[in-house]
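Here is what each chain is made of, one letter per residue.
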Amino acid sequence: MTAAASHYSYWITVLLMVAGLYIVIARGNLVKKLIGLSIFQTSVYLLYIAPGKLIGGTPPILAEGFRLYSNPLPHVLILTAIVVGVATLALGLAIVVRIREAYGSIEEDEILAADRAAERRPAESR
Amino acid sequence: MLIIAVLLTLMAAVAVAVAVQRNLFSVVVLGGIYSFLMATVLVALDAVDVAMTEASVGAGISTVLLLGALYLCGGGEAKPLARPWLPLAVALVIAGALAYGTLGLPAFSDPQAPIHTHVVPRYLSAALAETGVPNVVTAVLASYRGYDTLGETTVVFTAGVGVIALLRRIGRRKKPGRGQ
Amino acid sequence: MKRLIVLRVVAKMLIPFMLLFALYVQFHGDFSPGGGFQAGVIGAAAIILYALIFGLPAARRLVPERLVETLLGAGVLLYGGVGLAGIALGGNYLDYFVLGRDPVSGQHRGIFWVEVGVALTVSAVMLEIFYLFAGRGHRFDE
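Quick look at the structure, then. (Residues numbered from 1 in each chain as written. Chains lettered and ligands numbered in written order. Predicted model: local features only at pLDDT ≥ 70, side-chain atom pairs only at ≥ 80, totals over all residues. Heavy atoms only, no water.)

## Some points on the overall build of chain C
Okay, step 1: Per the secondary structure count, chain C includes five helices and zero strands.
Okay, step 2: If you list the helices and strands of chain C from N to C, you get α-α-α-α-α.
Okay, step 3: By principal-axis analysis of the C-alpha atoms, chain C measures approximately 60 × 30 × 20 Å.
Okay, step 4: Evaluated residue by residue, chain C yields a buried proportion of 50% over its 142 residues.
Okay, step 5: Within the structure as shown, chain C displays about 6900 Å² of accessible surface, and the carbon and sulfur contribution to it stands at 70%.
Okay, step 6: A distance of 14 Å separates the average location of the 11 positive side-chain charges in chain C from that of its 9 negative side-chain charges. (Helix = DSSP H or I, 4+ residues; strand = E, 2+ residues; numbered from the N terminus. Buried < 20%, exposed > 50% of the residue type's maximum accessible area, 1.4 Å probe, protein only. Areas by Shrake-Rupley, 256 points an atom, 1.4 Å probe, with all protein chains shown as cover. Lys, Arg positive; Asp, Glu negative; His and termini not counted. Charge placed at Lys NZ, Arg CZ, Asp CG, Glu CD.)

Here is the structure:
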């Protein structure tokens, strides 16, 4: 097998990871940042699951007549990680909703500008 | 093997589309497509339990949550002031370094890779006799790694409590004479 | 969306099967793909579909928030309680071997109750999060 065929899943994993990272650092919208963070997260799922596959294997549910099973351990780790991921995504979105209610915006630079303006005139703002 | 490669390529295309799209509503819909593609890839990789979770959580619940958040926050994304050359350069450098690093990893579906030789043969050979559960994923999740799952359940619980603390209104009934 | 008859009829037909499928995934998880995490999410999705079609107040009458918040903690407590039961019967924390007459039936019992605890917490968290996000937008019209 050539390197292109045997490492293709790793390279796609790297691409997804970097796409998520780019969204997180380049975009100012907080909801978009959270979506980028979840793409980053799914690339980690792939990083765990893909090496566990064995060609010719079956899903790890033991039955008569099958000898070769794919690796169950990454499945266990990622299964719980997905549910934890959506719970933390909801927590992040809740914080974004509160920021929107406090600042009237979810764009990062507008929030920073509002903060700086509030620092400059502390006596009037309260 | 080929079908996995095709699905992975589609996933990469959707991820790039998410990165360049500015309408957040489209981004959420693309995210649903992305999750279903991910679930299909997971079925092809024999991770059926994970695929079921990803399809119901990623494409179902998190799409609903993101739409709810967009309803509260508005769906447009502002145009950035400068072209994001620096983040792009950082991302490309990191991608190059990681791709170089993957050359040292074991090849896809190599039965001699450490992931297949360490504790897993014991799980696969002993799970049915020790727990009576043929689905090894359930056996490892609930029994062999019960502590781990207890921790994860606690994290889910804590995240739920955090959302309650952030979003619940203290006075549930509106005061008479206020508002409309 | 309450007035669209197609959505209403289709939802009424689908929701019982979704709940049944959640129970199947929960209790057949030993022999096929599934378990507490998936069952909890699918069960919560059924209630969320009901809320989307028939409105949040109707869903709150069906599954009151108070009940959801009770289940939220009850699931984790049940999981921890299985661990404590192991100690009480002379084993270690989360030791299922002592829960039944022979080790395999003890394992069965332990896995069953642990999965029930996981499903309760996960479904309650998902539903509570949805209630809070959906309820946030309607400030005065509830």
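## Here we look at the overall build of chain A
Okay, step 1: On a plain count of helices and strands, chain A comes out with six helices and zero strands.
Okay, step 2: When the elements of chain A are put in sequence order from the N terminus, they spell out α-α-α-α-α-α.
Okay, step 3: Along the first, second and third principal axes, the C-alpha atoms of chain A reach 75 × 35 × 15 Å.
Okay, step 4: Classification of the 126 residues of chain A by burial places 55% in the buried group.
Okay, step 5: Counted over contacts in chain A with a minimum sequence separation of 6, partners at least 24 positions apart contribute 44%.
Okay, step 6: Accessible area of chain A: about 5500 Å², with a carbon and sulfur share of 61%.
Okay, step 7: Computed over 11 positive and 9 negative side-chain charges, the separation of the two mean positions in chain A equals 5 Å. (Contact = heavy atoms within 4.5 Å.)

## Concerning the side chain of Thr102 of chain B
Okay, step 1: Along the chain, the position of Thr102 of chain B falls in helix α4 (residues 85-102).
Okay, step 2: Ignoring anything within four residues of it in the chain, the contact list for Thr102 of chain B reads His7, Tyr10, Trp11 and Val14 of chain A.

## Describing the interface of chain B and chain C
Okay, step 1: Across the boundary between the two partners, chain B contributes 42 residues, which contact 45 residues of chain C.
Okay, step 2: In total, chain B and chain C occlude about 4100 Å² of area from one another, counting both sides; carbon and sulfur atoms represent 73% of this.
Okay, step 3: Along the contact surface separating chain B from chain C lie one salt bridge.
Okay, step 4: For Glu69 of chain C, the salt bridge goes to Arg168 of chain B, with nearest N and O atoms at 2.4 Å.
Okay, step 5: For the pair chain B and chain C, the number of links is 14 residue pairs in polar contact (both at pLDDT 80 or more). (Buried area = accessible area lost by both parts, 1.4 Å probe. Salt bridge = Lys/Arg side-chain N within 4 Å of Asp/Glu carboxyl O. Polar contact = N/O pair within 3.5 Å; in protein donor to acceptor, adjacent residues only side chain to side chain.)

## What about the nonpolar core?
Okay, step 1: Counting 109 residues, the largest nonpolar core has Tyr131 and Phe133 of chain C as its most contacted members.
Okay, step 2: No other element matches the 15 residues that helix α4 (residues 72-103) of chain A contributes to this core.
Okay, step 3: Every residue in contact with Tyr131 of chain C, bar those within four places of it in the chain, is listed here: Ile47, Leu56, Ala59, Arg60, Val63, Glu65 and Val68 of chain C.
Okay, step 4: Of all hydrophobic cores here, the second largest spans six residues; its members include Val14, Tyr22 and Ala26 of chain A together with Ala91 of chain B. (Core = buried A, V, L, I, M, F, W, Y, C linked by side-chain atoms within 4.5 Å.)

## What about the environment of Ala78 of chain B?
Okay, step 1: Within the fold, Ala78 of chain B resides in the loop between α3 (48-73) and α4.
Okay, step 2: Each C-alpha atom of the pair Ala78 of chain B and Arg22 of chain B lies 8.0 Å from the other, and the pair is 56 residues apart in sequence.
Okay, step 3: Residues in contact with Ala78 of chain B, not counting those within four places in the same chain, are Glu107 of chain A together with Arg22 of chain B.

## Focus on the interface of chain A and chain B
Okay, step 1: Taken together, the contacts link 74 residues of chain A with 83 residues of chain B.
Okay, step 2: Together, the buried faces of chain A and chain B total about 7100 Å²; carbon and sulfur atoms form 78% of this surface.
Okay, step 3: Across the contact surface, chain A and chain B share one salt bridge.
Okay, step 4: Between Lys53 of chain A and Asp46 of chain B there is a salt bridge, and its shortest N-O distance comes to 3.3 Å.
Okay, step 5: Counting across the interface, chain A meets chain B through 20 residue pairs in polar contact (both at pLDDT 80 or more).
Okay, step 6: Contributing elements (two or more residues each) for the side of chain A that touches chain B: α1 (3-6), α2 (8-26), α3 (30-49) and α4 of chain A.
Okay, step 7: The leading source of residues in the side of chain A that touches chain B is α4 of chain A, at 25 residues.

## Observations concerning a nonpolar patch on the surface
Okay, step 1: On the surface, a nonpolar cluster with roughly 570 Å² of combined accessible area is contributed by Ile5, Val6, Val9, Val10, Met13 and Leu14 of chain C.
Okay, step 2: With respect to the element layout, Val9 of chain C can be found in helix α1 (residues 5-27). (Patch = residues over 30% accessible without salt bridge, like charges linked within 9 Å, V, L, I, M, F, W, Y side chains within 5 Å.)

## Quick word on α3 of chain A
One turn of an α-helix holds 3.6 residues; hence residues three or four places apart share an orientation.
Okay, step 1: The first and last C-alpha atoms of α3 of chain A sit 29 Å apart over 20 residues, in line with the 28 Å expected at 1.5 Å per residue.
Okay, step 2: The opening residue of α3 of chain A, the one whose side-chain oxygen lies 3.0 Å from the backbone nitrogen of Val31 of chain A, is Asn29 of chain A. (Expected span 1.5 Å × (residues − 1).)

## Brief notes about the pattern of salt bridges
Okay, step 1: Applying the stated criterion across every chain, the model contains seven salt bridges over all chains.
Okay, step 2: The partner of Arg122 of chain B in a salt bridge is Glu130 of chain B, with the nearest N and O atoms 2.9 Å apart.
Okay, step 3: With relative accessibility at 44%, the residue Arg122 of chain B sits in the partly exposed group.
Okay, step 4: Among the residues examined, Glu130 of chain B registers a relative accessible area of 27% and is labelled partly exposed.
Okay, step 5: Among the ionic contacts, a cluster of salt bridges with common partners joins Arg98 and Glu101 of chain A together with Arg136 of chain C.

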